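# Architecture and fold: a report
The lines below spell out each chain.
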Amino acid sequence: MERIGIYGGTYNPPHIGHMRAAAHAIEALKLDRLLLIPNNVAPHKQIPHDTATAEQRLQMLRMSAKGLEKAEILDIELKRDGLSYTSDTLAQLREENPQSEFVLLMGTDMFLSFLTWHEYESILRDATLAVIYRGEPGEQKSVADQRERLEALGGKVELVVNPVTAISSTDLRRMLVFDCAEPYLCPGVGEYIREHGLYDTGRNYKNLPMEELEQTVINLLNPNRVAHVLGCRDAAVELARLYGENETDAARAGLLHDITKALDGPLQLTLCSEYGILLSKFSQENPKTLHALTGSLVAEQLFGENEAVVNAIRYHTTGKPGMSKLEMIVYVADYIEANRKFPGVDRLRAAAHRSLEEGMLMGLETTLHQLRGQNRQISQSSVDAARYLREQGVVLEDEII
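What comes next concerns the included structure. (Residues numbered from 1 in each chain as written. Predicted model: local features only at pLDDT ≥ 70, side-chain atom pairs only at ≥ 80, totals over all residues. Heavy atoms only, no water.)

## Re the overall build of the protein
Within the protein, the secondary structure is distributed over 19 helices and 6 strands. Seen through its principal axes, the protein has C-alpha atoms that stretch 80 × 45 × 35 Å. Counting over 401 residues, the protein shows a buried share of 52%. Intrachain contacts of the protein at a sequence separation of at least 6 include 72% that bridge at least 24 residues. As displayed, the protein offers around 18,800 Å² of accessible surface, 47% of which is attributable to carbon and sulfur atoms. (Helix = DSSP H or I, 4+ residues; strand = E, 2+ residues; numbered from the N terminus. Buried < 20%, exposed > 50% of the residue type's maximum accessible area, 1.4 Å probe, protein only. Contact = heavy atoms within 4.5 Å. Areas by Shrake-Rupley, 256 points an atom, 1.4 Å probe, with all protein chains shown as cover.)

## A few points about the packing of helix α12 (residues 265-274) against helix α14 (residues 291-301)
Taken N-terminus to C-terminus, the directions of α12 and α14 make an angle of 40 degrees; their axes are 10 Å apart at the nearest point. Here α12 lies oblique to α14, going by the angle between them. Note on packing geometry: the crossing formed by α12 with α14 is left-handed. Contacts between α12 and α14 involve Gln268, Leu271 and Cys272 from the first element and His291, Leu293, Thr294, Leu297 and Val298 from the second. (Axes fitted to C-alpha atoms, helices over the stretch in contact; angles between N-to-C directions. Parallel < 35°, antiparallel > 145°, perpendicular 65-115°, else oblique. Left-handed = near helix turned anticlockwise from the far one by under 90°.)

## Regarding the packing of aromatic side chains
A complete count under the given rule lists 6 aromatic pairs for this structure. Ring centres 5.0 Å apart and planes at 50 degrees place the aromatic pair phenylalanine 114 and tryptophan 117 in the tilted group. Tryptophan 117 matches phenylalanine 114 in its accessibility class, with the two residues each being buried. Pairing tyrosine 205 with phenylalanine 303 gives two aromatic rings, centres 5.7 Å apart and planes at 75 degrees, and the pair type is edge-to-face. With tyrosine 205 in the loop between α8 (189-195) and α9 (210-220) and phenylalanine 303 in the loop between α14 and α15 (307-314), this residue pair connects regions lying 98 residues apart in the sequence. One exposure class covers both tyrosine 205 and phenylalanine 303, and it is buried. An aromatic cluster of at least three residues, connected via ring pairs, comprises Phe114, Trp117 and Tyr120. (Phe/Tyr/Trp six-rings, centres within 6.5 Å; stacked < 30°, edge-to-face > 60°.)

## A short note on the sheet that holds strand β4 (residues 101-106)
Read across the sheet, 6 strands follow the order β3-β2-β1-β4-β5-β6 without closing on themselves; strand pairing throughout is parallel. For this open sheet the edge positions go to β3 (71-73) and β6 (157-161), each flanked by a neighbour on one side alone. Each neighbouring strand pair of the sheet contributes to a mean axis angle of 25 degrees, computed without reference to strand direction. Bridging between strand β1 (residues 3-9) and strand β2 (residues 33-38) involves 6 bridges; their strand directions are parallel. (Pairing = 2+ DSSP bridges.)

## As for the side chain of asparagine 12
Mapped onto the elements, asparagine 12 comes out in the loop between β1 and α1 (16-28). Side chain to side chain, asparagine 12 and tyrosine 199 meet in a polar contact 2.7 Å long. (Polar contact = N/O pair within 3.5 Å; in protein donor to acceptor, adjacent residues only side chain to side chain.)

## What about α12?
Burial in α12 covers these residues: Gly265, Leu267, Gln268, Thr270, Leu271 and Cys272. Looking at the packing, one finds that the buried side of α12 touches α7 (169-177) and α14. Where α12 starts, the residue carrying a side-chain oxygen 3.1 Å from the main-chain nitrogen of leucine 267 turns out to be aspartate 264. Just past α12, the residue glycine 276 takes up positive phi, approximately 75 degrees.

## Considerations on the nonpolar core
Of all hydrophobic cores here, the largest spans 101 residues; its most connected members are Leu105, Phe178 and Phe303. Leucine 105 has contacts with Gly5, Ile6, Tyr7, Ala25, Leu29, Leu34, Ala130 and Ile132, leaving out every residue within four places of it along the chain. (Core = buried A, V, L, I, M, F, W, Y, C linked by side-chain atoms within 4.5 Å.)

## Section: the pattern of salt bridges
Summed over all chains, the structure comprises 21 salt bridges. Where glutamate 182 meets arginine 194, a salt bridge forms, and the shortest distance between an N and an O atom there is 3.1 Å. Here the residue glutamate 182 occupies a position in the loop between α7 and α8, and arginine 194 occupies one in helix α8, the gap between them amounting to 12 residues. Judged by relative accessible area, which is 45%, arginine 194 ranks as partly exposed. (Salt bridge = Lys/Arg side-chain N within 4 Å of Asp/Glu carboxyl O.)

## Side note on unusual backbone geometry
Here asparagine 12 and proline 13 are connected by a cis peptide whose omega angle stands at 0 degrees. Structurally, proline 13 is set in the loop between β1 and α1. For lysine 30, which is not glycine, the phi torsion reads 55 degrees and is therefore positive. Structurally, lysine 30 is set in the loop between α1 and β2. With phi around 55 degrees, tyrosine 199 is a residue other than glycine that occupies positive phi space. Take tyrosine 199: it is sitting in the loop between α8 and α9. In this structure tyrosine 199 comes out as buried when scored by relative accessible area, which is 1%.

## Section: the pairing of β2
Burial analysis of β2 places 6 of its 6 residues in the buried class, the great majority of the element. Of the two faces of β2, both are covered, the one formed by Arg33, Leu35 and Ile37 as well as the one formed by Leu34, Leu36 and Pro38. In terms of handedness, the path from β1 via α1 over to β2 forms a crossover that is right-handed. One ladder, built from 3 bridges, connects β2 with β3; its direction is parallel. Paired with leucine 36 across the strands is isoleucine 73, a residue of β3. (Right-handed = clockwise from strand over helix to strand, strands pointing away.)

Following this line, the structure appears as structure tokens:
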């Protein structure tokens, strides 16, 4: 009996993570064929504002899958109007291949949400579910529990631990904007994207008006980060007004301070490499702290921001000795914006309104206190910044919590 894999998705755009997962699945699942099926309108995903057309996604997928043995690309979902339901696709393939065994490939997120799928019962009857996942400790229990639930409903589930390239199409679109996506694209796809101006790659981002900058930033953030960034912008403007600093610079730095925050550690390292930045040992060992550096690079090279704004973004997580007023404002605003709810935030807000330097010192000392309590590595820049302020005579009127 022929064993046919089905690997659907938006492929918007396709990338090496898709292709490596596909190649691994063909071998691990002993597939005779693997059908790559781009969907028309995904039921579980919102189409991004700058999306490629169906024909463009199909063309990029063909370029990406070139040379992938046993893989075939089908446009059957693109030819159907409306939402692309897997149950409909399986029914059509079952009718065309009545003697074949079907294996439906999916990632962890889709697997865990499977019981919300349209006509999921028919999918369980028609195909084995193959979960392509990384086997990390945080995934194992939830995946095992879901497998037990689905098998109790009569489904068949196979788990494929795969060292997949950890990038989503959403992150790849961000990397395209930041002009550092090439390591994650198959040959020719980057050129195709730039030639057709897809995903805003042909746009001029320099010196955007404030309203346009805000919307651009929102589009590049994870949705759960938007309220914080807008709150940081507002807090920075308030502090700039209080301490006689440039309010426009404060607003722009506040908006851009977390512009690369959505990228995980490996993607942060890729961005630094593509921008030609040599990293310190601390940064290499703590890539999650890199968004301040990468954000400053993007602010300068992509958005064309001035040196004051760039430096305020650069030092908003670690600080440094001898910070400018704007640099302290963005550091403190990030800590005290209205959405922050941690113990001691009201004391920090009060300190920042008494004295910008006191607010800065309290923020630094709070961070150092927490990191030491968690036995985590500490940035020497933060230690030096706190020492510098104390040597300048800055004192705290309140206790660190």
